[in-house]
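Notes for the structure review
Chain residues, written in single-letter form:
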Amino acid sequence: MRDKEAHLITGGWLISVMTEGSDGKPLQRYFAVGHPDQAKAEWTCIDRATQDGPLASSPSAGREPVQAVNPINLYAMRTYGLANGEVKLLGEKPPRRWMTR
């Protein structure tokens, strides 16, 4: 596949998940998930996030507990080393370099 085409094809999703922090306040974390199907990416991310602690049970500050932020194209997946089916924790700040398209 040529790089021109890789920019057009969704290979994964950037997902935001809120977990309960140690102080009881919701803590938002970002994950890169290598599944082209949005629903599968969200559920895969939920499974991974529950390893770190309980998920937030309701929206906070207008954000859902689990939310697809942005599709990740195949070119970005190759560039940042995200394999098909892989889940990467990106941290608590919005990862701008993953927000492509």
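Scroll up to find the structure this text is about.
What you are looking at is a predicted structure, and each value in this text was computed from that prediction instead of being measured.

1. Some remarks on helix H2 (residues 38–49)
Between its terminal C-alpha atoms H2 stretches 16 Å, which fits the 16 Å expected from 12 residues at 1.5 Å a residue. Of all the positions in H2, only Ala41, Glu42, Cys45, Ile46 and Ala49 are classed as buried. Across the axial projection of H2, the buried residues extend over an arc of 135°, all falling on one side. Exposed residues pointing more than 90 degrees away from the buried face of H2 are listed as Trp43 and Asp47.

2. Comments concerning the side chain of Gln28
With respect to the helices and strands, Gln28 occurs in strand S2 (residues 26–33). A distance of 2.6 Å separates a polar atom in the side chain of Gln28 from a polar atom in the side chain of Ser16. A polar contact of 3.1 Å, which involves the side chain of Gln28, links it to the side chain of Tyr30. Apart from residues no more than four positions distant in its own chain, Gln28 is found in contact with Ser16, Val17, Met18, Arg63, Gly91 and Glu92.

3. Focus on the sheet that holds strand S3 (residues 66–73)
Strand-to-strand pairing in sheets goes through backbone hydrogen bonds, with the strands running parallel or antiparallel. As summarised here, the arrangement of the four strands in space is S3-S1-S2-S4, forming an open sheet in which the pairing is antiparallel. The two strands at the open ends of the sheet, each matched to only one other strand, are S3 and strand S4 (87–91). For this sheet the average axis-to-axis angle between neighbouring strands, irrespective of direction, equals 30°. Judged from the seven bridges that link them, strand S1 (residues 10–20) and S3 form a sheet pairing that is antiparallel. Bridge pairing links Val17 to Val66 in S3. Of the strands in this sheet, S1, S2, S3 and S4 touch H2, which is tilted by about 40° from S1.

What counts, and where the lines are drawn
- Residues numbered from 1 in each chain as written.
- Predicted model: local features only at pLDDT ≥ 70, side-chain atom pairs only at ≥ 80, totals over all residues.
- Heavy atoms only, no water.
- Helix = DSSP H or I, 4+ residues; strand = E, 2+ residues; numbered from the N terminus.
- Expected span 1.5 Å × (residues − 1).
- Buried < 20%, exposed > 50% of the residue type's maximum accessible area, 1.4 Å probe, protein only.
- Arc of directions from axis to C-beta.
- Polar contact = N/O pair within 3.5 Å; in protein donor to acceptor, adjacent residues only side chain to side chain.
- Contact = heavy atoms within 4.5 Å.
- Pairing = 2+ DSSP bridges.
- Axes fitted to C-alpha atoms, helices over the stretch in contact; angles between N-to-C directions.

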